[in-house]
Amino acid sequence: MPGSSTLHHATIPPRRQDTIQRCPDGSVALAQCEDRTFRFQSFPTGTLGVSEATLPEAVTQQQLTQPSPILDYAWYPSATVRDPASFCFVASVRECPVKLLDASDGRLRASYRIVDHRERQVAPHSVAFNVGANRLYCGFEDAIEVFDVHRPGEGTRLRTTPSKKSRDGLKGIISALAFAPDVSSDLYAAGSFSPSAPTSSNIALFSEASGEVPVMFVGAEGHHGGAGYGVRASVSQLLFNPARPYLLYASFRRMEPIYCWDLRGDLGRPSAIYTTATPRIGGKARATATNQRLRFDIDYSGTWLAVGDEDGGISVFDLAAHAETLPGENTPQSESTQFNAPILQFEGHRDAVGSVAFHPLRPLLLSVSGSRHFDCSKLPLGSSSESESCASDSEDENSTVETCERSENERKSEEVRRSRARAQPVAVDASTKLWGFGHSIGDDQEE
């Protein structure tokens, strides 16, 4: 089996971490937690290839508390601990302007306001920097707000649909943004929470030069309809291949496969689908019953794709296995979509893996886990619902006559004393793990 080992393990029982992102230089990692906080994860400096003197002491012990739930965040593209001016990130917090925060001490550097027609602060559901790192794109309902990073305040609004009643354009909350990592190209992809209609798609490609007019739509599941037919699910994440910027990957809510489109060819159907439909270790199939975002990641070489599942497993796909067969400008189009299985699967956590992230320079993979679980057994006595108490009374027909003939006043007094406590979500495994690969992921050892 391919080799992998746990280099670092940090457990945080009372809090669930939704997402974790590495700093672009790979020195630190920033986790978004459910308790409205950002937490910096510290790891062995020798493993990351940096010295302890390079990392600021405040970074390894810092916790940034926000006034409202965190919707999304993104590192500045050239952020590094070696340059204090670029060591920052943007955060979208509900009912607050978009914040540009200093990662070394958490102070506010700048804010970018999005105001609706009722003069209310709108927090975007997705944020992303362009390739030049001079503009910040924020996606919210039926629009994308564009800010000049060096000029805080209000930005330029790009309407993704002409009106709420119109069927044209990209409708719904813009849940994902991704820029093609090509300096010569100004393309970026936007996805919506609204599932695709039978005649349209919820993934569109835009150009920074053309503004709010979509260049083209991406979609078409199977052979249904034409090029405008999209996947009938909400978009969770969009990501371009770092080494081959013409490949776009997308994951969807409550759907297990990851779709890939080649922008040089026919966008009417995906060129490849990466799925773990086959039974995993232990015979368990990958569950897709959660609404939680399970984010995937691609390494900087564009060779490996990693994703976690709801059961705590981690799967790694080889993106270079069929790279030469993908349709291009001068190659014949394939009529079938390639289905690819993972080359490596292992049990990483005991709960849903919400996010994975590759190290930019070393063979390391970072993963975080945690999801909401409601344990009714931890409720205080007398907090069960009235229907449950009535059912238990009907089942207990042989109870004593005194219990069956309780007066109405006694029943009312019992209802008054009944606790109204509700089940609180608990995390089965809220942990962070750093995985190291001893040799090539695709090389198997024969016993």
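Residues numbered from 1 in each chain as written. Predicted model: local features only at pLDDT ≥ 70, side-chain atom pairs only at ≥ 80, totals over all residues. Heavy atoms only, no water.

Trainee: I would appreciate a short explanation of the overall build of the protein chain in the present structure.
Mentor: Looking only at helices and strands, one finds 5 helices and 32 strands in the protein chain. Evaluated residue by residue, the protein chain yields a buried proportion of 49% over its 447 residues. A separation threshold of at least 6 residues defines the contact pool for the protein chain, and within that pool the share at least 24 residues apart is 59%. For the protein chain, the exposed surface amounts to about 21,700 Å²; the carbon and sulfur share of it is 49%. (Helix = DSSP H or I, 4+ residues; strand = E, 2+ residues; numbered from the N terminus. Buried < 20%, exposed > 50% of the residue type's maximum accessible area, 1.4 Å probe, protein only. Contact = heavy atoms within 4.5 Å. Areas by Shrake-Rupley, 256 points an atom, 1.4 Å probe, with all protein chains shown as cover.)

Trainee: Help me out: how do you make sense of the layout of surface pockets in this one?
Mentor: Gaps left between atoms are located by rolling a probe of water-molecule size over the structure's atoms. Here the largest pocket is characterised by a volume of approximately 1,300 Å³. Lining the largest pocket are 44 residues; nearest its centre among them are Gln21, Ala74, Leu239, Asp297 and Tyr300. Mapped by element, the contributors of at least two residues to the lining of the largest pocket are strand E2 (17-22), strand E6 (70-75), strand E10 (126-129), strand E15 (174-179), strand E19 (235-240), strand E23 (297-298) and strand E28 (353-358). Classifying every residue of the lining of the largest pocket gives 29 nonpolar, 9 polar and 6 charged. (1 Å grid on protein atoms, 1.4 Å probe; cavity = no way out; pocket = protein on both sides within 12 Å on 5 of 7 lines; lining within 4 Å. Points joined across faces, edges and corners; volume = space filled by probe spheres on them. Nonpolar A, V, L, I, M, F, W, Y, C, P; charged D, E, K, R; others polar.)

Trainee: Please clarify how the pairing of strand E20 (residues 247-252) should be interpreted in this entry.
Mentor: The side chains of a regular strand alternate, first on one face of the sheet and then on the other. With respect to burial, E20 is a largely interior element, 6 of its 6 residues being buried. The alternating pattern of E20 places Leu247, Tyr249 and Ser251 on one face and Leu248, Ala250 and Phe252 on the opposite face, and all of these are buried. Pairing between E19 and E20: 5 bridges, direction antiparallel. Pairing of Leu239 across the sheet is with Tyr249, part of E20. Counting the residues in the hairpin turn of E19 and E20 gives 6 residues. Bridge analysis of E20 against strand E21 (residues 258-262) gives 5 bridges, and the strand direction is antiparallel. Each residue of the ladder has a partner; that of Ser251, found in E21, is Ile258. The antiparallel pairing of E20 with E21 creates a hairpin that spans 5 residues between the two strands, and Arg254 there sits at a positive phi of about 60 degrees. (Pairing = 2+ DSSP bridges.)

Trainee: For this particular structure, what's the right way to read the sheet that holds E6?
Mentor: In a beta sheet, neighbouring strands are held together by backbone hydrogen bonds and run either parallel or antiparallel to one another. Strand order in the open sheet formed by 5 strands is E6-E7-E8-E9-E13, and the pairing between neighbours is mixed. Strand pairing shows two members of the sheet lacking a second neighbour, E6 and strand E13 (153-154), which therefore form its edges. Here 4 bridges tie strand E8 (residues 98-102) to strand E9 (residues 108-113), and the two strands are oriented antiparallel to one another. Pairing of Leu100 across the sheet is with Ala110, part of E9.

Trainee: What's the story with the sheet that holds strand E26 (residues 338-340) in this structure? I'm lost.
Mentor: Pairing is mixed across the open sheet formed by 5 strands, whose spatial order is E19-E20-E21-E22-E26. Two strands close off the open sheet at either side, each with one partner strand: E19 and E26. Adjacent strand axes in the sheet meet at a mean angle of 20 degrees when their direction is disregarded. (Axes fitted to C-alpha atoms, helices over the stretch in contact; angles between N-to-C directions.)

Trainee: Explanation requested: the nonpolar core in the structure shown.
Mentor: Soluble globular proteins: nonpolar side chains tend toward being buried together. Residues Phe38, Phe40, Trp75, Phe89, Val90, Tyr112 and Leu136 are the most contacted members of the largest nonpolar core, which totals 35 residues. For this core, the elements supplying multiple residues, two or more each, are strand E4 (37-41), E6, strand E7 (88-93), E8, E9, E10, strand E11 (135-140) and strand E12 (143-148). Residues contacting Phe38, with those up to four places away along its chain left out, are Leu30, Ala31, Gln32, Gln62, Gln63, Leu64, Gln66, Ile70, Tyr73, Phe89 and Ala91. Ala176, Ala233, Leu248 and Trp261 belong to the second largest nonpolar core, which has 20 residues in total. (Core = buried A, V, L, I, M, F, W, Y, C linked by side-chain atoms within 4.5 Å.)

Trainee: I tried to follow the confidence of the model for the protein chain on my own but got confused; where do I start?
Mentor: Reading fine detail from the predicted coordinates is not recommended where pLDDT is low. Summary statistics for the protein chain give a mean pLDDT of 78 and a share of 70% for residues scoring 70 or more. The spread of mean pLDDT over the elements of the protein chain runs between helix H3 (residues 386-395), the lowest at 44, and E10, the highest at 97. Segment residues 279-287: pLDDT under 50, and 22 contacts once partners within four positions in sequence are set aside and those in other chains are kept. This stretch, residues 378-401, has a pLDDT under 50; its non-local contacts, to residues over four places away or in other chains, come to 17 contacts. (pLDDT = per-residue confidence, 0-100.)

Trainee: I'm lost on the environment of His359 in this one. Help?
Mentor: Inspection of the secondary structure puts His359 in the loop between E28 and strand E29 (364-369). Judged by relative accessible area, which is 5%, His359 ranks as buried. Separated by 335 residues in the primary sequence, His359 and Pro24 have C-alpha atoms spaced 8.7 Å apart. Polar side-chain contacts of His359 include one of 3.1 Å to the backbone oxygen of Gly26. (Polar contact = N/O pair within 3.5 Å; in protein donor to acceptor, adjacent residues only side chain to side chain.)

Trainee: Just checking my understanding: could you explain the pattern of salt bridges for this structure?
Mentor: Two side chains that carry opposite charge are able to pair once their charged atoms sit near each other. Under the criterion given, the structure shown has 11 salt bridges. In this structure, the salt-bridge partner of Arg120 is Asp116, at a minimum N-O distance of 3.0 Å. Overall, the relative accessible area of 44% leaves Arg120 in the partly exposed class. The exposure class of Asp116 is buried, given its relative accessible area of 17%. A salt bridge links Asp262 to Arg264; the shortest N-O distance between them is 2.9 Å. Its relative accessible area of 32% is what places Arg264 among the partly exposed residues. Sharing partners across several salt bridges, the network here consists of Asp102, Asp105, Arg107 and Arg109. (Salt bridge = Lys/Arg side-chain N within 4 Å of Asp/Glu carboxyl O.)

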